[in-house]
Amino acid sequence: LALHAQKRENFNFELRSALKTMEPSEELHLYLRGDLSQITTYVRENEGVIKGAIGNIVSVRIPAGNMEALRTAEYIDFIEFTLSKPQMLADVMITNNNIQPIHAGAEPLAQAYLGEDVIIGMIDSGIELDHPDFQNEDGSTRVIALWDHVQDEDDPFRVPQPYGYGQEWNAEDIDQDIDGHDDQAQWFGHGSTVTGVATGNANATGNFIGVAPLADIIVVSSDFSMPNWKSTIADAVDFIFNKADEFGKPVVINASLGDYYGSHDGLDGAALFIDELLEEQSGRSMVSAAGNSNNFDPYHLAYEVPENDTAFTWFSYNPNSVIGEPSVFFELWADSADFYTTSYTIGADLAEPSYSFEGYAQWRTVEANLGEVVADTIFQNGNILGIVETWCGQRGD
């Protein structure tokens, strides 16, 4: 049996799950792909804000309670949203990167490089502002700007725009001893550690100098609980680049964090916005941690779909899935040219005491089910073994 949605569906499973638990006034940060003019009109007429646009991709923030009309809007091609939780990523220290010869100006360098007249932007868990390694010799701060995503918007004057969340402070504020900001405790000093590797000046002990000890520092403390978290990273990059422009200095951004959902092909909205910012002008660079998932069990899978046979994979039931309910949940990404007419289904097998095939849902194709939520039932001898829900959306090509 199959139950088809009657209207085109633009909300994926994670977005629908989030909307069930959010207050109507809570804001969502989204990338909307489609007709730029109609998206802009709708967002502004529904208490939303346009943060930026590239081609047919619009970065917006909008109250959760004003989202419903976008569920079936024909002018929307794709809505980017995920509940994936990010992870801290960092494990390579200064000695592994031959920094000492750079500090010394060893051949073939013409001079020593210690980060003078350069800004280092850190997107992480925050920073220990009182640590001497992040202060000048006179005790004044080296942090020239700080945006804390975790803070409530208690002081409207300090809410940076057009982003609309968190609190912002400058160096003068920090030197006057601001209240509220900490390196987030649940990450055990990760932000301060990474910032120390990048910029520490060894004021505290005389040892453990960083890569760029004379650089100025801009810090963005990321809120790891934010829905659609990657959009906030693009906001952070935009914020840091704008601040660097105000100071007239080149800037390098480090992000030792990331998540494990999404396409990982650099074509998501956040990546495209960051690329656009990097290409706007010279004097901008960004680096990110990689290779930190060695301790995880295998969680990515890929193969060529055979033309005359069936490829299959077993998935384990997860009582705490990302969509907020017990299920088997996964994302499958493919180029439309490779997958558009491929048939797929979900089955149910008995694993113990010995393997036996029990049944499977109806075979489907993206071509027939694009933009729909489809619910199939797996039966065996009249008994229901499970409900299979699929949603297919096309993001670009």
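Residues numbered from 1 in each chain as written. Predicted model: local features only at pLDDT ≥ 70, side-chain atom pairs only at ≥ 80, totals over all residues. Heavy atoms only, no water.

**Some thoughts on the overall build of the protein chain**
- The secondary structure content of the protein chain amounts to nine helices and 19 strands.
- With the principal axes as the frame, the protein chain shows a C-alpha extent of 80 × 50 × 35 Å.
- Buried positions account for 46% of the 397 residues belonging to the protein chain.
- Of the roughly 21500 Å² of accessible surface on the protein chain, 50% is carried by carbon and sulfur atoms.
- In the protein chain, 18 positive and 64 negative side-chain charges are present, and the distance between their average locations comes to 7 Å. (Helix = DSSP H or I, 4+ residues; strand = E, 2+ residues; numbered from the N terminus. Buried < 20%, exposed > 50% of the residue type's maximum accessible area, 1.4 Å probe, protein only. Areas by Shrake-Rupley, 256 points an atom, 1.4 Å probe, with all protein chains shown as cover. Lys, Arg positive; Asp, Glu negative; His and termini not counted. Charge placed at Lys NZ, Arg CZ, Asp CG, Glu CD.)

**Things to note about the pattern of salt bridges**
- Applying the stated rule across the entire model yields 15 salt bridges.
- Arginine 61 is the partner of glutamate 27 in a salt bridge, and the nearest nitrogen-oxygen pair spans 3.1 Å. Residue glutamate 27 is found in strand 2 (residues 27–34), and its partner arginine 61 is found in strand 4 (residues 57–63); the two are separated by 34 residues along the sequence.
- Ionic pairing is found between glutamate 68 and arginine 71, a salt bridge with its closest N-O pair at 2.8 Å.
- What makes glutamate 68 partly exposed here is its relative accessible area of 49%.
- Through salt bridges that share partners, Glu9, Glu68 and Arg71 make up one connected network. (Salt bridge = Lys/Arg side-chain N within 4 Å of Asp/Glu carboxyl O.)

**Some details on unusual backbone geometry**
- Each neighbour pair has its own omega, and for glutamate 107 with proline 108 the value is 5°, a cis peptide bond.
- Examined against the element boundaries, proline 108 turns out to sit in the loop between helix 3 (99–104) and strand 7 (119–124).
- Here the bond from glutamine 161 into proline 162 is cis, since omega is 10°, no more than 30 degrees from zero.
- Residue position: proline 162 is located in the loop between strand 8 (143–148) and strand 9 (167–170).
- Its identity as a non-glycine residue notwithstanding, aspartate 177 has a phi of 70°, on the positive side.
- Secondary-structure assignment places aspartate 177 in the loop between helix 4 (171–175) and helix 5 (190–199).
- Despite not being glycine, histidine 264 has its phi angle at roughly 50°, a positive value.
- Counting through the fold element by element, histidine 264 comes out in the loop between strand 12 (257–258) and helix 7 (269–280).

**Here's the deal with the sheet that holds strand 7**
- The strand order across the open sheet formed by six strands is 9-8-10-7-11-13, and the pairing between neighbours is mixed. At either margin of the open sheet sits one strand with a lone partner, and together these are strand 9 and strand 13 (284–288). On average, each strand axis in the sheet is inclined to that of its neighbour by 15°, with strand direction left out of account.
- The pairing of strand 11 (residues 251–255) with strand 13 spans five bridges and is classified as parallel. Among the inter-strand pairings, valine 251 is bridged to a residue of strand 13, identified as arginine 284.
- Taken strand by strand, helix 5 contacts strand 7, strand 10 (216–221) and strand 11, and its axis lies near 160° from that of strand 7. (Pairing = 2+ DSSP bridges. Axes fitted to C-alpha atoms, helices over the stretch in contact; angles between N-to-C directions. Contact = heavy atoms within 4.5 Å.)

**Overview of the packing of aromatic side chains**
- This structure, assessed with the given rule, holds 14 aromatic pairs.
- Pairing tryptophan 187 with phenylalanine 224 gives two aromatic rings, centres 4.7 Å apart and planes at 45°, and the pair type is tilted. With tryptophan 187 in the loop between helix 4 and helix 5 and phenylalanine 224 in the loop between strand 10 and helix 6 (229–247), this pair connects stretches of sequence that are 37 residues apart.
- Of the residues examined, phenylalanine 224 reaches a relative accessible area of 8% and is grouped as buried.
- Arranged with centres 5.7 Å apart and planes meeting at 40°, the rings of phenylalanine 357 and tyrosine 360 form a pair that is tilted.
- Looking at tyrosine 360, the relative accessible area reads 44%, which means it is partly exposed.
- Each member of the aromatic cluster is reached from another via a ring pair, and the members are Trp147, Tyr163, Tyr165 and Phe239. (Phe/Tyr/Trp six-rings, centres within 6.5 Å; stacked < 30°, edge-to-face > 60°.)

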